[in-house]
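Geometric and topological summary
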Amino acid sequence: MSTPPLACEHSCSLQPEGPDMMRRNDNYLPVPGEDKNLDVDFNGTSKSKESIPMKNLYADDGSPLYPRLGPYFSDGQRRVDYVLAYHIQKPSSIRRPSSRFGDNNFIQRLRRSMSMRSSRAPLQPKEDPEIAAQKQRTDYHEDDKRFRREEFEENLLETGLELEKDEGSKIPGIGFLKIHAPWKVLCREAEFMKLKMPTKKVYEVKQGSNLVEKIRLFIHKVTAPLHPKVDANRPQSVKSLSHPFSREKQHLFDLSDRDKFFDTKTRSSIVYEVLKRTRCTRAKYSMGITSLLANGVYTSAYPLHDGEIEGINAEPNDRKLLYEEWASYSVFYKYQPIGLIRKYFGEKVGLYFAWLGVYTQMLIPAAIVGVIVFLYGCATVDDNIPSMEICDHRNNITMCPLCDRACSYWKLVTACGTARASHLFDNPATVFFSIFMALWAVLFMEHWKRRQMRLNYVWDLTGFGEEEEDHNRAEYEFRVMQKTLKHEHSTPKGEKVKLTCTDRMPAYLTTVVMMGFLIAVTFAIVFGVILYRISIKAALHMSNYPAARSNIRATVKTTAAIINLIIIIILDEIYAAIARWLTTLEVPKTDKSFEERLIFKTFILKFVNAFTPIVYLAFFRGRLVGRPGNYLYVVGSYRMEECAHAGCLMELCIQLCITMLGKQLIQNNLFEIGIPKLKKLLRRRKSELDSKQEEELNKTLQRHERDHILGPFVGLSPEYMEMIIQFGMVTLFVASFPLAPLFALLNNIIEIRLDAKKFVMELRRPIAAKAKDIGIWYNLLRGLSKVAVIVNAFVISFTSDFIPRLVYQYMYSPDGTMHGFVNHTLSYFNVSDFQPGTAPLQPMHLGYKVDVCRYKDYREPPWSTTPYELSKEFWAILAARLAFVIVFQNAVMLMSDFVDWLIPDIPKDISLQMHKEKILMVELFMKEEQGKRLAAWDNHNQDNCTSPSSANESPPQPRSRPVSNANCC
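This is a predicted model, so every value here is computed, not measured.

Analysis parameters
Residues numbered from 1 in each chain as written. Predicted model: local features only at pLDDT ≥ 70, side-chain atom pairs only at ≥ 80, totals over all residues. Heavy atoms only, no water. Helix = DSSP H or I, 4+ residues; strand = E, 2+ residues; numbered from the N terminus. Buried < 20%, exposed > 50% of the residue type's maximum accessible area, 1.4 Å probe, protein only. Areas by Shrake-Rupley, 256 points an atom, 1.4 Å probe, with all protein chains shown as cover. Disulfide = S-S within 2.5 Å. Pairing = 2+ DSSP bridges. Axes fitted to C-alpha atoms, helices over the stretch in contact; angles between N-to-C directions. Salt bridge = Lys/Arg side-chain N within 4 Å of Asp/Glu carboxyl O. Patch = residues over 30% accessible without salt bridge, like charges linked within 9 Å, V, L, I, M, F, W, Y side chains within 5 Å. Core = buried A, V, L, I, M, F, W, Y, C linked by side-chain atoms within 4.5 Å. Contact = heavy atoms within 4.5 Å. Parallel < 35°, antiparallel > 145°, perpendicular 65-115°, else oblique. Phe/Tyr/Trp six-rings, centres within 6.5 Å; stacked < 30°, edge-to-face > 60°. Left-handed = near helix turned anticlockwise from the far one by under 90°. Nonpolar A, V, L, I, M, F, W, Y, C, P; charged D, E, K, R; others polar. Expected span 1.5 Å × (residues − 1). pLDDT = per-residue confidence, 0-100.

As a further point, take the overall build of the chain. The helix and strand inventory of the chain stands at 29 helices and 18 strands. By residue count, 49% of the 969 residues in the chain fall in the buried class. Taken as a whole, the chain presents about 48600 Å² of accessible surface, with 59% of it coming from carbon and sulfur.

A few words on the state of the cysteines. Linking two cysteines covalently via their sulfur atoms produces the bond known as a disulfide. Per the counting criterion, the structure on display carries three disulfides. Residue Cys 391 pairs covalently with Cys 416 via a disulfide, S to S 1.9 Å. Its torsion about the S-S bond being 95°, the disulfide of Cys 391 and Cys 416 is classed as right-handed. With a gap of 25 residues between them, Cys 391 in helix 12 (residues 385-391) and Cys 416 in helix 13 (residues 416-425) connect regions that are remote in the sequence. The pair formed by Cys 391 and Cys 416 is uniform in burial state, with each residue classed as buried.

Another aspect to go through is the sheet that holds strand 5 (residues 174-180). Strand order in the open sheet formed by four strands is 4-5-3-10, with antiparallel pairing between adjacent strands. In this open sheet, the two strands that pair with only one neighbour each are strand 4 (162-166) and strand 10 (300-302). Across the sheet, the mean angle from the axis of one strand to that of its neighbour is 20°, orientation sign disregarded. Relative to strand 10, strand 3 (residues 82-87) runs antiparallel, the two being bridged by three bridges. Paired with Ala 85 across the strands is Ser 300, a residue of strand 10.

The next subject is the pattern of salt bridges. Here the structure, examined in full by the defined rule, presents 40 salt bridges. We note a salt bridge from Glu 162 to Arg 78, for which the minimum N-O separation is 2.8 Å. Taken together, the positions of Glu 162 in strand 4 and Arg 78 in the loop between strand 2 (52-53) and strand 3 put the pair 84 residues apart, joining distant regions of the chain. Taken individually, Glu 162 and Arg 78 each receive the classification buried, so the pair is uniform in this respect.

A cluster of nonpolar side chains, namely Leu 211, Ile 215, Phe 218, Ile 219 and Val 222, defines an oily patch on the protein surface of about 520 Å² accessible area. For Val 222, the position within the fold is in helix 5 (residues 211-222). Residue classification places Val 222 among the exposed positions, given a relative accessible area of 52%.

On to the nonpolar core, then. In this structure, Trp 326, Phe 345, Trp 355, Tyr 359, Trp 440, Phe 444 and Phe 733 are the most contacted members of the largest nonpolar core, which totals 109 residues. Contact partners of Phe 733, with chain neighbours within four places excluded, come to Phe 611, Ile 614, Val 615, Ala 618, Phe 619, Leu 652, Leu 656, Gly 728, Val 791, Asn 792 and Val 795.

Taking burial as the measure, the six residues of strand 3 include five buried ones, the bulk of the element. One ladder, built from six bridges, connects strand 3 with strand 5; its direction is antiparallel. Bridge pairing in strand 5 places Tyr 86 opposite Gly 175.

Moving on to the packing of helix 19 (residues 591-620) against helix 25 (residues 776-799). Packing of helix 19 against helix 25 brings their axes to within 13 Å, and their N-to-C directions diverge by 10°. Classified by the interaxial angle, the pair formed by helix 19 and helix 25 is roughly parallel. Across the interface between the two elements, Glu 596, Ile 599, Phe 603, Phe 607, Ala 618 and Phe 619 from helix 19 touch Ile 776, Trp 777, Leu 780, Leu 784, Val 791, Phe 794, Val 795 and Thr 799 from helix 25.

So, on to the packing of aromatic side chains. Each aromatic ring pair is characterised by the separation of its centres together with the angle its planes make. One pass over the structure, following the stated rule, counts 47 aromatic pairs. The interplanar angle of 75° and the centroid separation of 4.8 Å between the aromatic rings of Tyr 352 and Tyr 720 together place this pair among those described as edge-to-face. Placement of Tyr 352 in helix 11 (residues 347-380) and of Tyr 720 in helix 23 (residues 717-732) is noted, with a sequence separation of 368 residues between them. Side by side, Tyr 352 and Tyr 720 carry an identical accessibility label, which is buried. Consider the rings of Phe 603 and Phe 607, whose centres lie 5.5 Å apart with planes at 35°: the pair is tilted. Residue Phe 603 and its partner Phe 607 are both found in helix 19; the two are separated by four residues, about one turn of the helix.

Two elements in contact, helix 19 and helix 23, have axes separated by 11 Å at closest approach and are oriented at 40°. For the pair helix 19 and helix 23, the crossing hand works out as right-handed. Here helix 19 contributes Glu 595, Ile 599, Thr 602, Phe 603, Lys 606, Phe 607, Ala 610, Phe 611 and Ile 614 to the contact with helix 23, which in turn contributes Ser 717, Met 721, Ile 724, Ile 725, Gly 728, Met 729 and Leu 732. Taken together, the residues of the contact of helix 19 with helix 23 break down into eleven nonpolar, three polar and two charged.

Below, the discussion takes up the environment of Gly 820. Locating Gly 820 in the fold gives a position in the loop between helix 26 (802-812) and helix 27 (821-825). C-alpha of Gly 820 to C-alpha of Pro 386: the two residues are 434 residues apart in sequence and 7.9 Å apart in space. Those residues in contact with Gly 820, other than ones at most four positions away along the chain, are Glu 389 and Tyr 808.

Before going further, it helps to spend a moment on helix 23. The first and last C-alpha atoms of helix 23 sit 22 Å apart over 16 residues, in line with the 22 Å expected at 1.5 Å per residue. For helix 23, the buried fraction is high: 15 of the 16 residues fall into the buried class.

Moving on, we come to the confidence of the model for the chain. Note: predicted coordinates in regions of low pLDDT should not be interpreted at a detailed level. Looking at the chain as a whole, its pLDDT mean stands at 78, while 79% of the residues score no less than 70. Of all secondary-structure elements in the chain, the lowest mean pLDDT belongs to strand 2, at 36, while helix 11 reaches the highest, 93. Between residues 1-68, whose pLDDT stays under 50, and residues either more than four places distant or in other chains, the model counts 134 contacts. Scored below 50 in pLDDT, residues 91-140 shows 90 contacts in the model against residues more than four places distant or in partner chains.

Okay, the environment of Met 723 next. Position of Met 723 relative to the elements: it lies in helix 23. Residue classification places Met 723 among the buried positions, given a relative accessible area of 0%. Along the primary structure Met 723 and Asn 748 are separated by 25 residues, whereas in three dimensions their C-alpha atoms are 8.7 Å apart. Filtering out sequence-adjacent residues up to four positions away, Met 723 remains in contact with Tyr 352, Trp 355, Leu 356, Tyr 359, Asn 747, Asn 748 and Glu 751.

Turning our attention to the environment of Ile 774. Mapped onto the fold, Ile 774 is located in the loop between helix 24 (740-762) and helix 25. Taking the C-alpha atoms as reference, Ile 774 lies 9.0 Å from Gln 452; in sequence the two are 322 residues apart.

Structural data, given as structure tokens:
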């Protein structure tokens, strides 16, 4: 069996010339004998070895005789498993009937291309494509691109794939190479890839008998109307044993319908593996499909969608079923058809939507409890004594100015609305909700692990990944080639060259410096917004418009939050591009390593970008202020801002609300809907066709042409990233915003259908990638759930007034109630102690002279022996806050670990079924071996009985197994 050559030069044809065989240099479409409609055994014999000449497939005008708009070759029989698109210089008006894959033509084109290149650049003999390929998008000359394509296509033919070119498409300037994998190639590659395929052996799947499984089955029956009408989503009563495909053991598999044995997802993934393994080489530089795509030799590569979604002629297919039962907003209340999603898009995409479904499902109880906590705050706001004292006009409390000179004294009663609103989010129920959400995060992680194991069992992924090997990336191989050429004489023979940490050290240093710089930029921008708040507050206080002066706090809070939102959205896009550039500099070896490094960098940058303003409001604002007469100033005369009397929790809530809703509505939904619509509008304007003409044109396009118009699939990382940031919003600061789970739930209900519509209608079909888990995303989720416990402990103890209220009620209150709490939290300041130039310009603003004003802090009064020093109440409350953090953190962590230990990662029924599968598989192979032994023994006895009668000619029989004449009768 010959192996595919890796060199550009071919001196012989793929097959020997003969009357029944096709010559390479003839104008024929190569069709090996192992077509899917021809019976081929694995001994290499075929019932038919005829080829289909292209002239029989086209009429005189160049149109196909078998017009079929589905994903098929021009003969209407062989399915297109993969498509490569490329630029052509002169788009022909008539479809080219075939492409010539001949050795003689190929060598002539090779020599012509080499001579043209040498004549064009005689003064630059060192300018070789191997060195020029270092740039991702080098503008190769069209001849050079065509030369590489032809060599690559020759090597694809060597692997057994069948090719058909289409350079007369209705998309100007684009040619298509359609690829079909015949049955023999599918079997060979499936064996190489160790694909698990269902065998003829089936067994009954017994449901678990424990209480948990009974509850699960009961819930499944009750929610039956919510399940999609899809066969792949229904629980199976019987299941086929799966085993890695083997050509020697093909009798174990049900091959009655070869067309459906390998589904379209599997076929495209097999062809993709062949494309990745096939090389286009010249000299010492090897180019695979990724390098060819990067250098513009091919512009795109994609598998085809199954068929049409809308229209009278749309035949039933999985894509149409997904559109009806998944990608439609009318079925938003139904479960997702995860089995069909996996069947059509592959395990990796299926796991993402399964995880998103579990996350959305788990948000329902969190949203309900959050709404109850919010309603509890609304119901008890009139009974809250501190807010009642603030709103009481009889408490004639004069507060110190909020800014220098421009601001004057003010009455505490004017903060009544803010105090009442703060109680909605700062009440005893929020402590309970924080504990609940910490346990909810653990339950969510455990529920997902169990769901993941169940999917692994159903999808036959239990043994996947143990022997999985990943292909090297094109950029990595290019760098290794450069290093090999550089140290060609110093490297010992036989030693494998690879990139070391020393080779990557400049990239690592660049990454560290750039990441630090970008984080510093984020901090600087947040500081800039702080200065905006300080300056705009002073400007509004000096304004002559009564409306501006009456809503200063609301105006400053809202505008600052909106500015933060706009900055976050802009920086998110910039940081994503920079993270990809930094990851490319590091030259990771495999695609998996590249993806994980990219995810980590992007997550760090986007997390810092989204949460820095929130962390400032929660833990730093109002604590770096100073006191009247001794304020802290930054950038000259900017006085650091204070919190409102009811605390910074209300401002934190506003920032969280605007950031969360803004990111979800603008960045996640509006961008995903608006940008494709905008691209479609621009494409329509460029085409100079109205909507009816474009619709008529689309009806005449073939499947590969329609899919080329769709957007490329860029991976699942953006989808995961927005959900991970949302998970952080839901868990990290949930003590200040109990409605966050509700907003996340509403967003995710829309997000699922929006992503579904995007995958089914607007994107090219992705490569079906196998995966048994969600990878690094699970570690990020687990880390966020752990950090959330600590963050919420600090929010409750330091940001809210929960601890000061408890300390006052049980240590300082004369009657054990909250009466007098507001007065207890306010300190005194003598206005004569103002620093020069900081006193109010209008001291009589309230209509009377102020001698002493109040400010929120625990400090000694001016008439004490240590005026304005921190009081003993401050230290008592600080100790209580730290004690609460320690107790809350350890108690919740202990409960979380207990829940983690209590719930097993693998459901009991799945564990039993997996064990049963192993036993049945062993029994199946034992029976097979026993059958082989019996067959061999019968053949041996038959040979002995039919041997010559002459004793001299017959070989001696072994004594242990004498053959009697009775056995021969």
